[in-house]
Amino acid sequence: MTVPYLKGEPLELSWKSAWCEHSARTIPQLFRTQAEQLGDTTLYHVKQNGVYHPISWRTVRDDVWALSAGLIRRGIQPGDRVAILAENSYAWVVTDLAILHAGAISVTLHFPLTPSQVQEQLHDSEAIAIFVSNATQAQKVDQVRAQLPALKHFFSFEPISGWVPIRQLQEEGRQLLLDKPNLVDETAESLTWDSIAILIYTSGTTGDSKGVMLSHGNLLSSVYAAIHVLPPSDRHCVMLNFLPLSHIYARTCDYLVALALGVELAFAESIDTLRADLQAVRPHAINGVPRFYEKVRERVLEVTQSKPFLRMLGKFARKKGLQRAFGGRLIWAVSGGAALDPQVAEFYWEHGVELYQGYGLTEASPVIASNRPGSNRIGTVGVAFPGVEVRIAEDGEILARGPNIMKGYWRKPEATAEAIDPDGWLHTGDVGEIVDGRYLRITDRKKDLFVLAGGKNIAPFAIETALVRNAYIEQAVVHGDKKKFVSALIVPDFYALENWAHHQGITFATHEDLINHPEVYAWMEKQVQESLRGFASYEQVKRFLLLSEPFTFEAGDVTITLKMRRARIIERYRDRLDALYES
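To start, this report covers the structure provided alongside it. (Residues numbered from 1 in each chain as written. Predicted model: local features only at pLDDT ≥ 70, side-chain atom pairs only at ≥ 80, totals over all residues. Heavy atoms only, no water.)

**Quick look at the overall build of the protein chain**
Assigned secondary structure in the protein chain consists of 21 helices and 29 strands. For a compact globule of 583 residues, the expected C-alpha radius of gyration is about 25 Å, and the protein chain comes in at 25 Å, within 12% of that figure. For the protein chain, the spread of C-alpha atoms along the principal axes amounts to about 80 × 60 × 55 Å. Expressed as a percentage of its 583 residues, the buried residues of the protein chain come to 57%. Within the structure as shown, the protein chain displays about 24800 Å² of accessible surface, and the carbon and sulfur contribution to it stands at 51%. Distance between charge centroids for the protein chain: 3 Å, based on 61 positive and 68 negative side chains. (Helix = DSSP H or I, 4+ residues; strand = E, 2+ residues; numbered from the N terminus. Rg over C-alpha atoms; globule rule 2.2 N^0.38 Å. Buried < 20%, exposed > 50% of the residue type's maximum accessible area, 1.4 Å probe, protein only. Areas by Shrake-Rupley, 256 points an atom, 1.4 Å probe, with all protein chains shown as cover. Lys, Arg positive; Asp, Glu negative; His and termini not counted. Charge placed at Lys NZ, Arg CZ, Asp CG, Glu CD.)

Listed below in structure tokens is the structure:
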């Protein structure tokens, strides 16, 4: 029997364009080479007082070297762990590069973490220093300082009482460089392809926190693969970053890819200003998550259907509206982090935007497979990335192997052995299949599959995906392991549902009032039935609960990448779900 298997094209660990070339083996080597070649040209666009300002490669290099020298002066040694707890900013990337140039390991904490989560990850990594962005993040650390004996140095992007400001640290570094101008270069030269570069903690859908160790080689293998798959049109290509840099997707595909390509990267001020930032930056390329592309599509449809004239223009108006939403210069976009609804992908392609879906994990630095120009099949996550092998195990689990696969989990040898088998295959935990001999399709999470009392196998991902395509359903989690039928927890799209209720003359004061109204439940029941029309009878959601509050990261319901923590959610609503089967 032939084992389902894919193999990406050979990985080229070098790059040459009209404006730069390199074959780096560490991130500091990549940055130094690019800074020498590109000098006074623009690397970053940073928003200050509502206006974007360019920052050159030379300026970034000077800031990075000063900060790195400051860290070395403070006693940071190669291999030490230095943490960053901050929102995206110019200071974030300068700090990360400075840590790496000092030979240290960058521990990037997700900025929405709670104090207890911050304490857990700082304690596990034994970080000896931390950078925070502001007083809000500093307070999280201050609350748990006493429980972190290894943590000795406290640095901040903004002036905060009890913390050393980054500018002071940089000034200390500049003074040191006057006496030792080659200090940073010499320190960075001790690094190799296999040196650990970063620790990223991934809690996954089960909540067990693990530090993923990624080497310079792991990251660069993904970077070199990515820049060959989606090369820029010219030197002045502008990318826009809005996804968290603490997550591997944006770190690799925005921050590091921009360094390797020698193109320009702008930072969105915040998620709240993203619409305005898109208009100001007018990016040629962007990385996003499915929900972002869904929201843009919904907005375009809402606007183009709001006026008779626009409705009459039809596809022309939608195409213009979609381009305008991204600033008018967008060439391609990539979706990752979760499943992209095929209907959303089709909308973008039909209206002139090349939207490519990819797939990966933090443990794979992150990309395993991706659609690309010339090889795009909607409904799949594309072909194997250069240098990556993909295999489907007998139980349907997706396995991956390549130079991008992590070194292991920090100080968790048993978890590492469970994730990576003796032959080097990473067990992703995802279930999938190979389509047409070359495209990978994800069908579910292995741990999420369940069996009804009657013996029927249920893949919840497909059911939930169909449900959330409905305009009236924002989130859905299905349930039914060892039960007689499938049930669900449903969070309505309250914007759509409230509009419908107003048109029906239904009065309500709160979301709780709304979902408890019998006409509303009947309407939502109709939406559920219509959404699952193509499913087998045993896959139908027979009963469901409407929830007044969404599943959130803060409540522990979803991961930082918005994946549902199914077991935790089911346990939280266990009594109410059980009641559905009793009545």
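**Points about the side chain of serine 548**
Assignment of secondary structure puts serine 548 in the loop between strand S29 (541-546) and helix H20 (566-572). Separated by 2.8 Å, the side chains of serine 548 and glutamate 512 make a polar contact. Excluding residues within four positions of it along the chain, serine 548 makes contact with Phe494, His511, Glu512 and Ile515. (Polar contact = N/O pair within 3.5 Å; in protein donor to acceptor, adjacent residues only side chain to side chain. Contact = heavy atoms within 4.5 Å.)

**Looking at the nonpolar core**
By size, the foremost hydrophobic cluster in this structure holds 130 residues, and its most contacted members are Tyr44, Leu259, Ile286, Phe326 and Tyr348. The leading source of residues in this core is helix H9 (residues 248-261), at eleven residues. The contacts of phenylalanine 326, once residues within four sequence positions are left out, are Leu278, Gln279, Arg282, Pro283, Ile286, Phe292, Tyr293, Val296 and Tyr348. Ala488, Met524, Leu532 and Tyr581 belong to the second-largest nonpolar core, a separate cluster that totals 68 residues. (Core = buried A, V, L, I, M, F, W, Y, C linked by side-chain atoms within 4.5 Å.)

**A look at helix H17 (residues 494-503)**
Turning to H17, its buried residues are Phe494, Ala496, Leu497, Trp500 and Ala501. Seen along its axis, H17 keeps its buried residues to an arc of 160°; they face one direction. Among the exposed residues of H17, those pointing more than 90 degrees away from its buried face are Tyr495, His502 and His503. Buried positions along H17 lie against strand S28 (486-492), helix H18 (511-515) and helix H19 (518-531). The distance from a side-chain oxygen at the start of H17 to the backbone nitrogen of tyrosine 495 is 3.2 Å, and the residue carrying that oxygen is aspartate 493. At the C-terminal side of H17, glycine 505 shows a positive phi close to 75°. (Arc of directions from axis to C-beta.)

**Concerning the sheet that holds strand S17 (residues 354-360)**
Taken in spatial order, the nine strands of this open sheet run S5-S4-S14-S13-S15-S16-S17-S18-S19, and their pairing is mixed. What marks the edges here is a single partner per strand, and that holds for strand S5 (51-56) and strand S19 (383-384). Packed on one face of the sheet, helix H11 (residues 290-304) meets strand S15 (285-288), strand S16 (332-335) and S17 and runs near 115° to S15. (Pairing = 2+ DSSP bridges. Axes fitted to C-alpha atoms, helices over the stretch in contact; angles between N-to-C directions.)

**Here's the deal with the environment of lysine 412**
Relative to the elements of secondary structure, lysine 412 occurs in the loop between strand S22 (408-409) and helix H15 (413-419). Using a relative accessible area of 25% as the deciding quantity, one classes lysine 412 as partly exposed. Considering only alpha carbons, one finds lysine 412 and alanine 35, 377 residues apart in sequence, at a separation of 37 Å. If we ignore the near neighbours within four places in the chain, the residues touching lysine 412 are Asp124, Ser209 and Lys210.

Geometric values such as these leave the question of function open.
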